[in-house]
Amino acid sequence: MTLLTLLPNPTFRRLLSHSSGQGVSIFEAPDGHRIGLPDAHVDSCSCTQSRLSEVLKPARRETSNARSAEEPILERLHLQYNRIHNLPPSFLDGIRSLRFLDLSNNKLGTLESTVFQDTPLLQELFLQGNELHTLHKDTLKGLTKLKLLILANNNLDELDGALLHDTQNIMELDLNSNYLTYLPSGFLMGLRGLRWVDLHNNRLEELDNDLFGDVDNLEQLWLGCNNLSRLPLSIAQMSARWMGGKMAPSRRRAREAAIGHKAAGKVFAATGLVLDA
């Protein structure tokens, strides 16, 4: 694997790396404020803790070399722990091989609805620790291969019901430590492979009765540190399955004060809640 890493440095110059006879070039503006994505063949690019504030997509250079004119091959891109506040809508255009993207712990406040439109193979997306307050309903459109989505520790106060409609293969969803007061009806519709959901430390007041209706394989659900007083029957039925049928799917007070029921390694997170029949 070719790995290109930029270590923390106040001033980056042009960095040229060779691996297997292929050149890899990244162009950086002075003082570590801007970086252009690779326009050559490289498997993984890491620019963590580099004080970047802006990410640019390099302009395609005219070339007579057919191989150089091909789309860049980049599977993993690490941009976490920087100061990136904005992503241009086209900054990932042409990088269709991308499977892993880490933009966590930056200063992102919004995302363009088309920012991920050219990354159909993306499987893992890390956006935690930013300042996102909302997401356009088309932000994840076309990401049918996505398996993991981390949106924890942002400023999200609402989510569109269609946000996850194209992510039918998602397995892990982390929305903890936001400001969500509700989740729209149908938000998890069709996500039958979902196994892990973290909603703890929000401001949820109620959950739609059909929210988890399509989620057949859920193994872990975290709901602690919210404003919930009752849970819908669908969650009670889910808990009953986890408990091997020992817990009747009817009105019943959760007995655990902090975490809740644990059975066969599966966690039902509750804090003194009442299950609604």
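Residues numbered from 1 in each chain as written. Predicted model: local features only at pLDDT ≥ 70, side-chain atom pairs only at ≥ 80, totals over all residues. Heavy atoms only, no water.

Here we take up the overall build of the protein. For the protein, the count of helices and strands is one helix and 17 strands. Taking contacts inside the protein between residues at least 6 apart in sequence as the whole, the part at least 24 apart equals 52%. Summing over all exposed atoms, the protein offers an accessible surface of approximately 13300 Å²; the carbon and sulfur share of this is 46%. (Helix = DSSP H or I, 4+ residues; strand = E, 2+ residues; numbered from the N terminus. Contact = heavy atoms within 4.5 Å. Areas by Shrake-Rupley, 256 points an atom, 1.4 Å probe, with all protein chains shown as cover.)

Attention now goes to the pattern of salt bridges. Pairs may arise between side chains of opposite charge once their charged atoms sit close together. The tally for this structure, following the rule as stated, stands at six salt bridges. Across the pair E75 and R99 runs a salt bridge, and its minimum N-O distance is 3.9 Å. Placement of the pair is E75 in the loop between β6 (54–56) and β7 (76–78) and R99 in the loop between β7 and β8 (100–102), with a sequence separation of 24 residues. (Salt bridge = Lys/Arg side-chain N within 4 Å of Asp/Glu carboxyl O.)

Taken as a whole and assessed by the stated rule, the structure comprises one aromatic pair. Aromatic side chains F100 and F126 sit 5.3 Å apart centroid to centroid with 45 degrees between the ring planes, which places their arrangement in the tilted category. With F100 in strand β8 and F126 in strand β9 (residues 124–126), this pair connects stretches of sequence that are 26 residues apart. For F126, a relative accessible area of 16% corresponds to the buried category. Residue placement shows R76 over the ring face of F100; its charged tip is 3.9 Å from the ring centre. (Phe/Tyr/Trp six-rings, centres within 6.5 Å; stacked < 30°, edge-to-face > 60°. Buried < 20%, exposed > 50% of the residue type's maximum accessible area, 1.4 Å probe, protein only. Lys NZ or Arg CZ within 6 Å of the ring centre and 35° of its normal.)

Attention now goes to the environment of E205. Along the chain, the position of E205 falls in the loop between β12 (196–198) and β13 (220–222). With 26 residues separating them in the primary sequence, E205 and L231 have C-alpha atoms 9.8 Å apart. Filtering out sequence-adjacent residues up to four positions away, E205 remains in contact with T181, N227, L228 and S229.

A few words now on unusual backbone geometry. Of note, the phi angle at Y81 is positive, near 60 degrees, even though the residue is not glycine. Unlike most non-glycine residues, N105 shows phi in positive territory, near 55 degrees. With respect to the element layout, N105 can be found in the loop between β8 and β9.

Bringing the environment of H136 into the picture now. Along the chain, H136 turns up in the loop between β9 and β10 (148–150). On the basis of relative accessible area, H136 is assigned to the partly exposed category, the value being 39%. Distance in space between the C-alpha atoms of H136 and A162 is 9.2 Å, their sequence separation being 26 residues.

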